[in-house]
Amino acid sequence: GYESSYWIFTIKVDRRDDFKRVMTEKGIMTSQVHSPNHTNSCVSSPNITLPITTEVAKEMVAIPNGWWVTEEDRQYIVDCIKQGW
């Protein structure tokens, strides 16, 4: 009886800053919604190092995937991603 409230879809991309710039130029909002938990002050510790997590986080970016994204919007986003950056 429940429905998801998906509003973003997180993907991993090379050259994230370039990807974000190109998507912005094409009118597609992107964001870095998540960061590794070990970087938050409430759980950080000098003894905690997660190098793989840190590297993967540098490649993560979210694209819109909410109820307001129409089928045409989704196709446009996919087409823009396929064009490269």
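Look up: the structure comes first, before these words.
Draft legend 1. Quick peek at the pattern of salt bridges. Within this structure, the stated rule accounts for six salt bridges. The residue Arg 15 makes a salt bridge to Asp 18 at a minimum N-O spacing of 3.0 Å. Arg 15 sits in the partly exposed class, given a relative accessible area of 46%. As a salt-bridge pair, Arg 21 and Asp 18 come within 3.9 Å of each other at their nearest N and O atoms. One end of the pair is Arg 21 and the other is Asp 18, both in helix H1 (residues 16-25) and three residues apart, which spans about a single turn. For Arg 21, a relative accessible area of 42% gives the class partly exposed. Because the salt bridges share partners, they merge into one network encompassing Arg 15, Asp 18, Arg 21 and Glu 25.

Draft legend 2. Examining the nonpolar core more closely. Ile 11, Val 13, Phe 19, Val 22, Met 23, Ile 28, Val 61, Ile 63, Val 69, Ile 77 and Cys 80 form the largest nonpolar core, which has eleven residues in total. Counting only elements with at least two residues in this core, the list comes to H1, strand S2 (60-64) and helix H3 (71-83). Setting aside chain neighbours within four positions, we find Val 69 in contact with Pro 64, Arg 74 and Ile 77.

Draft legend 3. Region of the structure containing the environment of Gly 84. Secondary-structure assignment places Gly 84 in the segment after H3. When its relative accessible area of 27% is taken as the criterion, Gly 84 is described as partly exposed.

Draft legend 4. Region of interest: the packing of aromatic side chains. This model, assessed by the stated rule, comprises two aromatic pairs. Judged by centre distance (4.8 Å) and plane angle (80°), the rings of Phe 19 and Trp 85 are edge-to-face. Of the two residues, Phe 19 is situated in helix H1 and Trp 85 in the segment after H3; the sequence distance between them amounts to 66 residues. Ring centres 5.8 Å apart and planes at 90° place the aromatic pair Trp 67 and Trp 68 in the edge-to-face group. By relative accessible area, which is 78% here, Trp 67 ends up exposed.

Reading guide: rules and limits
- Residues numbered from 1 in each chain as written.
- Predicted model: local features only at pLDDT ≥ 70, side-chain atom pairs only at ≥ 80, totals over all residues.
- Heavy atoms only, no water.
- Salt bridge = Lys/Arg side-chain N within 4 Å of Asp/Glu carboxyl O.
- Buried < 20%, exposed > 50% of the residue type's maximum accessible area, 1.4 Å probe, protein only.
- Helix = DSSP H or I, 4+ residues; strand = E, 2+ residues; numbered from the N terminus.
- Core = buried A, V, L, I, M, F, W, Y, C linked by side-chain atoms within 4.5 Å.
- Contact = heavy atoms within 4.5 Å.
- Phe/Tyr/Trp six-rings, centres within 6.5 Å; stacked < 30°, edge-to-face > 60°.

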